[in-house]
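# Descriptive analysis of the structure
Given next are the chains, with one letter for each unit.
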Amino acid sequence: MDYLPVQSKVAEVIQQNEEWWRGGVIYQIYPRSFQDSNNDGCGDLTGITQRLDYVAQLGIDAIWISPFFPSPMDDFGYDITDYKNVDGLFGTLEDFDALIAKAHKLNIKVIIDLVISHTSKSHPWFVESSSSDDNPKRNWYVWADAKPDGSAPNNWLSVFGGNAWQWHSSRCQYYLHNFLTSQPDLNFHEPEVQTALLDVVRFWLDQGVDGFRLDTVNFYFHDQQLRDNPVQKREIHDSEIVPSVNPYSFQKHIYDRNRPEVISFLEKFRSLVNEYPARAILGEIGDAINGLELVGSYTKQDARIHMCYSFELLSPAPLLPAKVNRLIRRVDELVQDGWICWALSNHDVSRHITRFALNQKESIPQGKMLIAMLLALRGTICIYQGEELGLSEADVAFEDLQDPYGIEFWPKFKGRDGCRTPMPWQSDVENCGFSSSKPWLPLDNRHNELAVNIQQSQSDSMLAHYRKLLGLRSSEEVLRTGDIELVRTDNDATLCFRRTSKQRRIQCYFNFSDQDITIAKTEQDLALICESDPPVSLTKEQISLPPYGFCWAAIK
């Protein structure tokens, strides 16, 4: 079989490009679980710096670091008490400066996770706001009077369970919390709040960050009339990640999120970021029904944020060719002049090796096919730490759980700890080289045999597969920024699409089944760029794909 040579590396050119993010690959690091440098059982910024050479060898464009700001850690950093500092658990601002310097030396951009829809209740802003109803920050959070009978102002629910309103005795009012009761929502209708948050953005831009991941960007504004949410028809959506035991999905969330006012704030945010060259903003949209519509709206006309992701590929729903076909068509329809980001795993969902694999034996070939599909899609790509090793969802016992979401809905929903366990670096040392102390979450023994040191010496490992495909995507500009066209196949278990630019066309085939499949070729003259192992078979008229087989092939 003839293979096309890989084109010359263009990663350095892409990093210098103002639009390095368009079609780039972002590697998400959950700092508590990446590398512990001081042996306290928790990962930190210096640990990330120590492992950046490994990250660079993957061939990614940027890292996204989950929150490392001062926090009581009720939600493990997503409840912030100081937006302009580093929690001592993770290090110091000087440690962050060293991380930035090392990353930039390795040609890696640094994106930080900015959580501004809410703060910790221990944040000085909330302490002042809650102290009385006539202080300077009295309107910085969402406060409301009780109904005449003393009950909450409306029927809004918290994502993490229960009512979204919490009574506060100092103000004798309720405050809104879309997540934990210790995470009060900021009031974006208050101009001073927006000014303070944009000042935070400027602080970190001046520190040298290359971008921001905006947590729960569609939650920023609420309906000022505090109208009740209507009942949501009970049906399962492809991007639904709220567990069935959580009543949150019983409502249509039209008043507590997705409000139109968010657009003007995103435009202010973008205007500020535009003052700094080659920066990027990635928004997270938590919505099972309108996610792609919001991606299109929030990234429209290069005037708001650069890119968004929603949960279409992160949900537990089966991932089948028909679903991917539908998503490609919907993105083409709804995100015409915007930009989407795709991911199979992150810190909020079960690892995709577990979510999508039919059984353990099939998980590795299926995982290799899925990353080949993901990296061939049009959009920016996010990869979550450990997925390049083929890590499965860890089995965490109830007594070891840390996630309040999982503790609340146990046992039918086990929370997010299973995807947050420490990285296995070296199989033959204590805690796989993550820490010499007891880790904050236990490692899963099944991950030992998938450790980095083992896979680095195996040419057919998942790690080698990721490195190879990431290198190919980096060298093929058509895969980063080219158009995408669906190609009809004569088998429901196969997916085929074409990436095109003026200079190059690449046809991509994927077999989602555990059976050999032969389909008719739509292009007669193909030259393979990469393929599965076992390989595909090409004849003049057809292509034969082994179980979970795939290929990228250039059209001559």
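So, here is what we can say about the structure in this document. Each chain has its residues counted from 1, following the order in which its sequence is written. Given that the model is predicted, a residue must reach a pLDDT of at least 70 before its local features are reported, and side-chain atom pairs must reach 80 or more before they are shown or counted; all residues, however, enter totals for whole chains, interfaces and linings. Side-chain measures here rest on the full set of heavy atoms in the structure, leaving out hydrogens and waters.

The next subject is the sheet that holds strand β18 (residues 542–545). Think of it this way: DSSP has to see at least two bridges between two strands before they count as a pair. Secondary structure elements are defined from DSSP: runs of H or I of at least 4 residues count as helices, runs of E of at least 2 residues count as strands, and each element is numbered from the N terminus. An order of β15-β18-β17 is seen for the three strands of this open sheet, with the pairing classed as antiparallel. Both outer strands of the open sheet, β15 (517–520) and β17 (537–538), are each paired with one neighbouring strand and no more. Summarising the sheet, β15 and β18 pair through four bridges and their orientation is antiparallel. For Thr518, the partnering residue across the bridge sits in β18 and is Ser544.

If you trace the backbone, Asp113 turns up in strand β3 (residues 109–114). Partly exposed residues are those whose accessible area sits between 20% and 50% of the maximum for their type, while under 20% is buried and over 50% is exposed, using a 1.4 Å probe and protein chains only. Exposure remark for Asp113: the relative accessible area of 0% places this residue in the buried category. Pairing of N or O atoms within 3.5 Å defines a polar contact, subject to two protein rules: one partner must be a possible hydrogen donor and the other a possible acceptor, and residues neighboring in sequence count only if both atoms are side-chain atoms. Polar side-chain contacts of Asp113 include one of 2.7 Å to the side chain of Tyr78. Of note is the side chain of Asp113, whose polar atom sits 2.9 Å from the side chain of Arg213. We call two residues in contact whenever any of their non-hydrogen atoms come within 4.5 Å of each other. Excluding residues within four positions of it along the chain, Asp113 makes contact with Trp64, Ile65, Ser66, Pro67, Phe69, Tyr78, Arg213 and Asp215.

Our next topic: the pattern of salt bridges. Each reported salt bridge corresponds to a side-chain nitrogen of Lys or Arg within 4 Å of a carboxyl oxygen of Asp or Glu. Going through the model one piece at a time under the given rule, you end up with 24 salt bridges. The shortest N-O distance in the salt bridge between Asp348 and Arg416 comes to 3.2 Å. Of this pair, Asp348 sits in the loop between β10 (341–343) and α10 (352–356) while Arg416 sits in the loop between α12 (404–409) and α13 (452–455); the two residues are 68 residues apart in sequence, bridging distant segments of the chain. Arg416 matches Asp348 in its accessibility class, with the two residues each being buried.

Of the volumes computed, that of the second largest pocket is approximately 400 Å³. Put plainly, a pocket is an open set of points on a 1 Å grid over the protein atoms alone with protein on both sides within 12 Å along at least five of seven lines, a cavity is a set where a 1.4 Å probe fits but cannot get out, and a lining residue has an atom within 4 Å of a point. Around the second largest pocket sit 20 residues that line it, and Lys368, Asp460, His465, Ser532 and Asp533 are the ones nearest its centre. Looking at the lining of the second largest pocket, the elements with two or more residues in it are α11 (360–376), α14 (462–475) and β16 (526–531). Here the lining of the second largest pocket gets four residues from one element, more than from any other, and that element is α14. Throughout this entry, Asp, Glu, Lys and Arg are counted as charged residues, while Ala, Val, Leu, Ile, Met, Phe, Trp, Tyr, Cys and Pro are counted as nonpolar. The remaining residues, Gly among them, count as polar. When grouped by side-chain class, the residues that make up the lining of the second largest pocket number 10 nonpolar, five polar and five charged. Grid points are joined across faces, edges and corners, and a volume is the space filled by probe spheres set on the points.

As summarised here, the arrangement of the five strands in space is β12-β13-β14-β19-β16, forming an open sheet in which the pairing is antiparallel. Among the strands making up the open sheet, the edge pair consists of β12 (483–486) and β16. Sheet twist, expressed as the mean angle between neighbouring strand axes with direction ignored, is 25 degrees. With four bridges joining them, β12 and strand β13 (residues 494–500) adopt antiparallel strand pairing. Paired with Ile484 across the bridge in β13 is Arg499. Packing of helix α9 (residues 321–334) onto the sheet brings it into contact with β12 and β13, and relative to β13 it is tilted by some 30 degrees. Helix axes use the C-alpha atoms of the stretch in contact, all axes being lines fitted to C-alpha atoms, and the angles between their N-to-C directions lie in the range 0 to 180 degrees.

Whether two aromatic rings pair depends on their centres lying within 6.5 Å, for rings of Phe, Tyr and Trp, where Trp uses its six-membered ring; planes under 30 degrees apart make the pair stacked, over 60 edge-to-face, and the rest tilted. Within the structure shown, the criterion is met by 34 aromatic pairs. Ring centres of Phe160 and Tyr405 lie 4.7 Å apart, and the angle between their planes is 35 degrees; on these two criteria the pair is classed as tilted. With Phe160 in the loop between β4 (143–144) and β5 (165–168) and Tyr405 in helix α12, this pair connects stretches of sequence that are 245 residues apart. Given the relative accessible area of 7%, Tyr405 is considered buried. When the centroid spacing of 5.5 Å and the interplanar angle of 55 degrees are considered together, the rings of Phe188 and Phe221 count as tilted.

Note that β5 and strand β6 (residues 173–176) share four bridges and pair antiparallel. Residue pairing across strands places Gln166 opposite Tyr175, the latter belonging to β6. Connecting β5 to the antiparallel partner β6 that follows it, the hairpin turn spans four residues, and Cys172 within it adopts a positive phi of roughly 50 degrees.

To continue, consider the side chain of His306. As for its position among the elements, His306 is in the loop between α8 (291–298) and β9 (307–309). A distance of 3.3 Å separates a polar side-chain atom of His306 from the backbone oxygen of Arg279. Within the structure, His306 has its side chain in polar contact with the backbone nitrogen of Ile281 (distance 2.9 Å). In this view, His306 contacts Trp21, Arg270, Val273, Arg279, Ala280, Ile281, Thr299 and Trp339; residues no more than four positions away in its chain are not counted.

Further remarks concern the packing of helix α6 (residues 191–207) against helix α7 (residues 262–273). The geometry of α6 relative to α7 is characterised by a closest axis approach of 10 Å and an angle of 30 degrees between their N-to-C directions. Considered as vectors, α6 and α7 are oriented roughly parallel to each other. Pair α6 / α7 crosses with right-handed handedness. Together, Gln194, Leu198, Val201, Arg202 and Leu205 of α6 and Phe265, Lys268, Phe269, Leu272 and Val273 of α7 make up the contact between the two elements. To sort the angles, those under 35 degrees are grouped as roughly parallel, those over 145 as roughly antiparallel, those from 65 to 115 as roughly perpendicular, and the leftovers as oblique. For any pair of crossing helices, the crossing counts as left-handed if the nearer helix is rotated counterclockwise from the farther one by less than a right angle, and right-handed if it is rotated clockwise.

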